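Architecture and fold: a report
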Amino acid sequence: MSTPAIRTPPLVHAIIPLVSLAVLIAGALALYGLDALDGPIQVALFLCCALAALVAMRNGHQFSAVQEAGRGAIASVSSAIFILFAVGALIGVWNLSGTIPTLVYYGIQVLSPGWYYTAAAIICAVVALSIGSSWTTAATIGVGLVGIAGLIGVSPAITAGAVICGAYLGDKTSPLSETTVLTSQLVGVDLYDHIKRQVWTSVPAFGIALVVFFILGLTGNDTVTEAETTSDLDKLNEVFNITPLALLPLALLVFMSIRKIPATLSLLSATLFAGVLGAFLQPDVYANFVSGSGSVVIESIKAIWGGMANGFSIDTGIADIDRLLSRGGMDSMLSTIWLIVGAVTFGAMLEEFGLIARLIDPMVAAAKSTGRLFLAVFICGFGLNVVAGDQYIALVLPTKVFKAEFARRGLAPTNLSRLAADSGTVTSPLVPWNSCGAFMSATLGVSTLLYLPYAIFCYASPALSLLYGFTGFRIEHVEPTPELPVESEETP
């Protein structure tokens, strides 16, 4: 059979998959509410993948090309999948070994409900800036802070929003962050020049978030009495051996992150170390968890193995503590991985077969002013977070598409690097099926749709970037360059 000619997709072909996705996701949310993230939205994404494949084949692409795009999509998130599995194992074993209970025990005594949200944001910002990873920050300090929230009577959803604000501020302005390094390399600017320019939007945006969190902390109602908090502390101290030694796995993870050990290896190392350490610190917890199934060594191995695979569970008689600690395990991340695979496969279909480019090209042509150009970059970055489900696509594609246009208009590349980070990086946790949104929800134990209103930094930072674009504030100019030849723009 002769191979059909590949055609440029008409605009309607690019719109059909996006409209279908919007309709199916809206239908899933209307029928299932927050439970839509437990399967219905994943089904919607896979149906849209099939529709995008049909559109691609209608424009002359072979089914083998569709299969190759799917394989490439899954390969692009393979590292994220292993990180998710490692985080699930870490949460389960850190609960078992007493690391998270110890973190919660000390945190309750130090952090006051009145300024809890503000403190949570600042703590996560400092940690993320130090290690350069929003994911690791959320999976360690963030988990503890959200757990403490439920025990002292403040909102876990607002706390999760504060954790994300701090984590993404630190990640976005840290020279150790892979997304920060990637953005500067894609645009072709010095790393530290890129970070300096980001400060102009990141710091004011974080300041706005802190003000909001401070007000929320002052106006919040106390739902837990001091007696209840004391009871929770007593129960934690009764069940676990609360000691600073239990925090050594956290110190190890921070050290390995600073040393830029790959995330999966760092997380698994901290998990296994916590498991071995916990066998000495929490022998009774280990024995009860596996119901006394043999010698101490066999019990410890089985407890660690089970905690990594299926998470930790405990029945203390206090519901808040049981909800806090009965979590984790690699299997708890399967629904999240299902969501990510569906999202990035759909995004890869749209990108590979020219459907995204068909939508973006008119946006570039219509952006006559600097403000409209900035708005086009933001719509592209945030839109890719929605339809492609991955922040790396939302960073790479806009910088490729708009780099030549910024140069032609005499706009310094640092403008684009700052705007790309504000549009692609910080908005990624706002989308439930994006890899970042799914990770934060699964790790913190709070639905994306619940913490979304409180991720203030993730709104304020891109809003300031757009404001600067329309007003000209902090917009740097260079000598305009001629429009690049078509061949150079197509060079990968």
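Before reading further, recall that the structure is shown in the block above.
Every value quoted in this text rests on a predicted model; they were computed, and no experiment measured them.

Cut-offs applied
- Residues numbered from 1 in each chain as written.
- Predicted model: local features only at pLDDT ≥ 70, side-chain atom pairs only at ≥ 80, totals over all residues.
- Heavy atoms only, no water.
- Axes fitted to C-alpha atoms, helices over the stretch in contact; angles between N-to-C directions.
- Helix = DSSP H or I, 4+ residues; strand = E, 2+ residues; numbered from the N terminus.
- Left-handed = near helix turned anticlockwise from the far one by under 90°.
- Contact = heavy atoms within 4.5 Å.
- Nonpolar A, V, L, I, M, F, W, Y, C, P; charged D, E, K, R; others polar.
- Core = buried A, V, L, I, M, F, W, Y, C linked by side-chain atoms within 4.5 Å.
- Buried < 20%, exposed > 50% of the residue type's maximum accessible area, 1.4 Å probe, protein only.
- 1 Å grid on protein atoms, 1.4 Å probe; cavity = no way out; pocket = protein on both sides within 12 Å on 5 of 7 lines; lining within 4 Å.
- Points joined across faces, edges and corners; volume = space filled by probe spheres on them.
- Disulfide = S-S within 2.5 Å.
- Salt bridge = Lys/Arg side-chain N within 4 Å of Asp/Glu carboxyl O.
- Phe/Tyr/Trp six-rings, centres within 6.5 Å; stacked < 30°, edge-to-face > 60°.
- Lys NZ or Arg CZ within 6 Å of the ring centre and 35° of its normal.

**Describing the packing of helix H21 (residues 413-425) against helix H24 (residues 456-471)**
In the contact formed by H21 and H24, the axes pass within 8 Å of each other and the chain directions differ by 145 degrees. For the pair H21 and H24, the crossing hand works out as left-handed. Two secondary-structure elements touch here, H21 through Arg418, Leu419 and Asp422 and H24 through Ser461, Pro462, Ser465 and Tyr468. For the contact of H21 with H24, the residue count by class is 3 nonpolar, 2 polar and 2 charged.

**Overview of the nonpolar core**
Judged by nonpolar contacts, the single largest core of 149 residues is most densely connected at Ile41, Tyr116, Phe213, Leu384, Phe402 and Phe406. At 12 residues, helix H4 (residues 78-97) tops the list of elements feeding residues into this core. Non-local contacts of Ile41, meaning those with residues more than four positions away in its chain, are made with Ile25, Ala28, Leu29, Ala36, Leu339 and Trp433.

**Structural notes on empty space enclosed by the protein**
Under the criterion given, the structure shown has 2 cavities of 30 Å³ or more. Volume-wise, the largest cavity comes out at about 50 Å³. Every residue lining the largest cavity is listed: Arg197, Trp200, Asn415, Arg418, Arg474 and Glu476. At the level of secondary structure, the elements contributing two or more residues to the lining of the largest cavity comprise helix H10 (191-219) and H21. In terms of residue class, the lining of the largest cavity is built from 1 nonpolar, 1 polar and 4 charged. Roughly 40 Å³ of volume is contained in the second largest cavity. Per-element tally for the lining of the second largest cavity: the top contributor is helix H9 (residues 178-187), with 3 residues. Considered class by class, the residues forming the lining of the second largest cavity number 1 nonpolar, 6 polar and 1 charged.

**Focus on the state of the cysteines**
Going through the model one piece at a time under the given rule, you end up with 0 disulfides. This cysteine, Cys49, is not joined by any disulfide, and Cys48 carries the nearest cysteine sulfur, 7.4 Å off. No disulfide involves Cys380; its sulfur sits 17 Å from the nearest other cysteine sulfur, which is in Cys436. For Cys380, a relative accessible area of 5% translates into the label buried.

**Let's talk about the pattern of salt bridges**
Under the counting rule described, the total for this entry stands at 7 salt bridges. Here Glu68 and Arg71 are joined by a salt bridge, their closest N and O atoms 2.7 Å apart. One end of the pair is Glu68 and the other is Arg71, both in helix H3 (residues 63-76) and 3 residues apart, which spans about a single turn. Here Glu405 makes a salt bridge to Arg408, at a shortest N to O gap of 2.6 Å. Of this pair, Glu405 and Arg408 both sit in helix H20 (residues 391-408), 3 residues apart, which is roughly one turn of that helix. Each of Asp193, Arg197 and Glu476 takes part in a single network of salt bridges with overlapping partners.

**A word on the layout of surface pockets**
Empty space within the second largest pocket amounts to approximately 620 Å³. Every residue lining the second largest pocket is counted, 34 residues in all, and those nearest its centre are Ile83, Ser133, Glu178, Ala263 and Tyr392. Elements that contribute at least two residues to the lining of the second largest pocket include exactly H4, helix H7 (134-152), helix H8 (156-173), H9, helix H12 (248-258), helix H13 (263-281), H20 and helix H22 (435-444). Residues belonging to the lining of the second largest pocket are distributed by class as follows: 16 nonpolar, 14 polar and 4 charged.

**Quick word on the packing of aromatic side chains**
Two measures describe an aromatic ring pair: the distance that separates the ring centres and the angle between the ring planes. Scanning the entire structure with this criterion turns up 9 aromatic pairs. Centre to centre, the rings of Trp200 and Phe473 are 6.2 Å apart; their planes meet at 85 degrees, and the pair counts as edge-to-face. With Trp200 in helix H10 and Phe473 in the loop between H24 and helix H25 (486-490), this pair connects stretches of sequence that are 273 residues apart. With centroids separated by 6.5 Å and ring planes inclined at 80 degrees, the aromatic side chains of Phe206 and Phe457 adopt a geometry described as edge-to-face. Taken as a pair, Phe206 in helix H10 and Phe457 in helix H24 lie far apart in primary sequence, 251 residues in all. Three or more aromatic residues joined by ring pairs form one cluster here, namely Trp200, Tyr468 and Phe473. Note that Arg474 overlies the ring of Trp200, its terminal NZ or CZ placed 3.8 Å from the centroid.

So yeah, pure geometry; function would need other evidence.
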